[in-house]
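Next come the chains, spelled out residue by residue.
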Amino acid sequence: MPMFVAVLTVEFALDGNDNLKAKRRVANSLKQKARNRFNVAIAEAGTENSLTRLRLAVTSISNSESHLRSRMDKCALMMEAVCTEEMTDSEVEIYAVDD
């Protein structure tokens, strides 16, 4: 039976942001809400040196591809709904891992 690994990448534009503390507040809030609600692993990926962009990578593993896609789609929708910043990009990639 194959296992599936999903990677959701979301990017936000932090318009008007000029300090690291404000960026971290947005990032930490989104990360905590995603972890608590969807039991996923999540980290900032690739935008550590920018104050006006935030990219988060979310990952999860399941033996059901449809369940995994649904979880990632709901996670992206939740992040867009709870964040006051504009989501500029969202992408889900699913990989099958065979024995």
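Quick note: structure is the one above.
Source: prediction; values computed, not measured.

Peer 1: Sorry if this is basic, but what is going on with the pairing of strand β3 (residues 53-62) here?
Peer 2: Taken residue by residue, a regular strand's side chains alternate between the two faces of the sheet. The side-chain alternation of β3 yields one buried face, formed by L54, L56, V58, S60 and S62, and one unburied face, formed by R53, R55, A57, T59 and I61. Of the strand pairs in this sheet, strand β1 (residues 3-13) and β3 are connected by 10 bridges, and their pairing is antiparallel. Within β3, the residue paired with V10 across the bridge is L56. Here strand β2 (residues 41-44) runs beside β3; their pairing, made up of 4 bridges, is antiparallel. Bridged to A43 within β3 is A57.

Peer 1: What am I meant to see in the nonpolar core here?
Peer 2: Among soluble globular proteins, nonpolar side chains are generally buried collectively. With 25 residues, the main nonpolar core has L8, V10, F12, L30, L54, V58 and M79 as its most contacted residues. Within the residue set of this core, elements represented by two or more residues are β1, α1 (20-38), β3, α2 (65-82) and β4 (86-97). Top contributing element to this core by residue count: α2, with 6 residues. Beyond its immediate chain neighbours, meaning those up to four positions away, F12 contacts L30, T52, R53, L54, M79, C83, E85, E86, M87 and T88.

Parameters at a glance
Every chain begins its residue count from 1, and numbering advances along the sequence as written. Two thresholds apply to this predicted model, a pLDDT of at least 70 for residue-level local features and 80 or more for giving and counting side-chain atom pairs, whereas whole-chain, interface and lining totals are computed over all residues. Only heavy atoms go into the side-chain values, all of them from the structure, while hydrogens and water stay out. Partly exposed residues are those whose accessible area sits between 20% and 50% of the maximum for their type, while under 20% is buried and over 50% is exposed, using a 1.4 Å probe and protein chains only. Runs of H or I in DSSP of at least four residues are treated as helices and runs of E of at least two as strands, each being numbered from the N terminus. Two strands qualify as a pair provided that DSSP identifies no fewer than 2 bridges between them. Among buried residues, those of type Ala, Val, Leu, Ile, Met, Phe, Trp, Tyr and Cys that are joined through side-chain atoms within 4.5 Å constitute a nonpolar core. Only heavy atoms matter for contacts: two residues are in contact if any of them lie within 4.5 Å across the pair.

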